[in-house]
Every structure is written in structure tokens, then in C-alpha cells.
Amino acid sequence: MQSELTSDLVPALNLDYDKIGLDVSYLKLAYGREKLSIYAGLHARSEVSIYAKEAYNRSVIDQSIGLGSQFSYKINKRQVLFSKLSVPIVIFRATNSDSGIYSFNRYQSILWNIGYTHALSDRLKFKLSYDFNYDRLQISNSFREVQYQFNLGLIFKF
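Residues numbered from 1 in each chain as written. Predicted model: local features only at pLDDT ≥ 70, side-chain atom pairs only at ≥ 80, totals over all residues. Heavy atoms only, no water.

Once that is clear, we can look at the overall build of the chain. Looking only at helices and strands, the chain features zero helices and eight strands. Secondary structure elements of the chain, listed N to C terminal, follow the sequence β-β-β-β-β-β-β-β. In the chain, which comprises 158 residues, the proportion classed as buried is 23%. Once local pairs closer than 6 in sequence are excluded, the contacts in the chain between residues at least 24 apart make up 51%. About 11,300 Å² of surface is accessible on the chain, with carbon and sulfur atoms providing 59% of the total. (Helix = DSSP H or I, 4+ residues; strand = E, 2+ residues; numbered from the N terminus. Buried < 20%, exposed > 50% of the residue type's maximum accessible area, 1.4 Å probe, protein only. Contact = heavy atoms within 4.5 Å. Areas by Shrake-Rupley, 256 points an atom, 1.4 Å probe, with all protein chains shown as cover.)

What follows is about the nonpolar core. Ranked by size, the top nonpolar core spans eight residues in total: Tyr 51, Val 60, Ile 91, Tyr 102, Tyr 107, Leu 137, Ile 139 and Phe 143. Apart from the residues lying within four places of it in its own chain, the contact partners of Val 60 are Glu 47, Val 48, Ser 49, Tyr 51, Arg 93, Ala 94 and Thr 95. (Core = buried A, V, L, I, M, F, W, Y, C linked by side-chain atoms within 4.5 Å.)

We now examine the packing of aromatic side chains. Each aromatic ring pair is characterised by the separation of its centres together with the angle its planes make. Scanning the entire structure with this criterion turns up four aromatic pairs. Put simply, the rings of Trp 112, Tyr 130 and Phe 150 pair up and form one aromatic cluster. (Phe/Tyr/Trp six-rings, centres within 6.5 Å; stacked < 30°, edge-to-face > 60°.)

Bringing the pattern of salt bridges into the picture now. For the structure shown, the criterion picks out five salt bridges. For Glu 47, the salt bridge goes to Lys 19, with nearest N and O atoms at 3.6 Å. In this pair, Glu 47 sits in strand E2 (residues 36–52) while Lys 19 sits in strand E1 (residues 17–32), placing the two residues 28 residues apart along the sequence. Among the residues examined, Glu 47 registers a relative accessible area of 7% and is labelled buried. (Salt bridge = Lys/Arg side-chain N within 4 Å of Asp/Glu carboxyl O.)

Right, let's talk about a nonpolar patch on the surface for a bit. A contiguous nonpolar patch, built from Tyr 31, Ile 38, Phe 71, Tyr 73, Ile 75 and Leu 81 and spanning about 460 Å² of accessible area, is present on the exposed surface. On the basis of relative accessible area, Tyr 73 is assigned to the partly exposed category, the value being 35%. (Patch = residues over 30% accessible without salt bridge, like charges linked within 9 Å, V, L, I, M, F, W, Y side chains within 5 Å.)

Our next topic: the environment of Tyr 39. Among the structural elements, Tyr 39 can be located in strand E2. For the pair Tyr 39 and Ser 69, spaced 30 residues apart in sequence, the C-alpha to C-alpha distance is 5.4 Å. In this structure Tyr 39 touches Leu 27, Lys 28, Leu 29, Ala 30, Gly 68, Ser 69 and Gln 70, once residues within four positions along its chain are discounted.

Once that is clear, we can look at the pairing of strand E5 (residues 99–102). By the alternation rule, side chains of E5 split into Gly 100 and Tyr 102, which are all buried, and Ser 99 and Ile 101, of which none is buried. Sheet topology note: the strand E4 (residues 79–95)/E5 ladder contains four bridges and is antiparallel. Across the sheet, Arg 93 pairs through a bridge with Gly 100, a residue of E5. Between E4 and E5, which pair antiparallel in sequence order, lie three residues. (Pairing = 2+ DSSP bridges.)

Here the focus is the pairing of E1. Taking burial as the measure, the 16 residues of E1 include zero buried ones, a minor fraction of the element. As paired strands, E1 and E2 are joined by 15 bridges and run antiparallel to one another. Looking at the pairing, Tyr 26 lines up with Leu 42 of E2. From the end of E1 to the start of E2, which pair antiparallel, there are three residues.

Attention now moves to the side chain of Ser 86. The residue Ser 86 is located in strand E4 in this model. Judged by relative accessible area, Ser 86 falls into the buried class, the value being 8%. Once you skip the residues sitting within four places of it in the chain, Ser 86 turns out to touch His 43, Leu 67, Gly 68, Ile 110 and Leu 111.

Pasting the structure below:
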């Protein structure tokens, strides 16, 4: 199957945009042993994206709610492997031209994060993680987004 992009809004890969988001999860311990912990619950995500175009800006506001899970595995006293998985079920999307509420029949998404932490001291941790985000919304102007992110950081406990 072959398709052609005919929109003048995004005729090619668009790297000129700004995005800010907030993720909130409510997870309860589902399984816990000495080294392995598994949590399950609800996940909510809010995002605002602004796509720049020469004469105007196009903004998109998304609010999604879904299921979330997390597991962590303690390798030893200082090292931990972790992974988070969220599957949004419902999304509210508002753009410059329209808005709507969409579910599984028109909206598919997955948010996945995997990482590693190493405690350098009681207050300082080194963190390495990988994030994957896939969004697909089937509306009159179909929307797909795939993000890959590698993160390296330090966590300081006050």
C-alpha cells in the first residue's frame, strides 16, 4: 500500500515545535518481594504542543487517562532496574480548529520507560533511562507521533 501526504501543514518531518507535559500516576503495590516490586494503577498525562509555521502557530492540547504499571528490581543495595508502562484509554484533544474525545476505536498510544539507577551516596543517585512514546489518532487529519529519548541524570534527595 502506498500513500502520499497532501497536507500543507506538515509536508515533511517537523522538528520545529515545543512541547511541555506533565505525567501523574496513582499506583498501588500489586506484588512485592525482597528484590522485585510490581505496581499497577491509573495514569494521566497532560501535554501542550506548539508547532511553528512561518505565518502562524498551531497548538494542540492533550489530556489522556489510562492504565499504568511499574516494576523495579533491586540488583543489590545500590543498583536498581526499573520499567514503567502506560496505556492511555481516553484522550481529550483540543486544537486551533477543533476538539474531541477519542478512545480505542480511534486512538492508540503507549508510553514506555526503562532505566537504571546507581546510588552514589545516601542522597545522590546516577540515573540512565530510555523513553518510548507512540501516539496515533485516526481523525480527518490523521496524527502520528513517535518519540525516542535517552536520559542521563543525577538525582539529589533533600
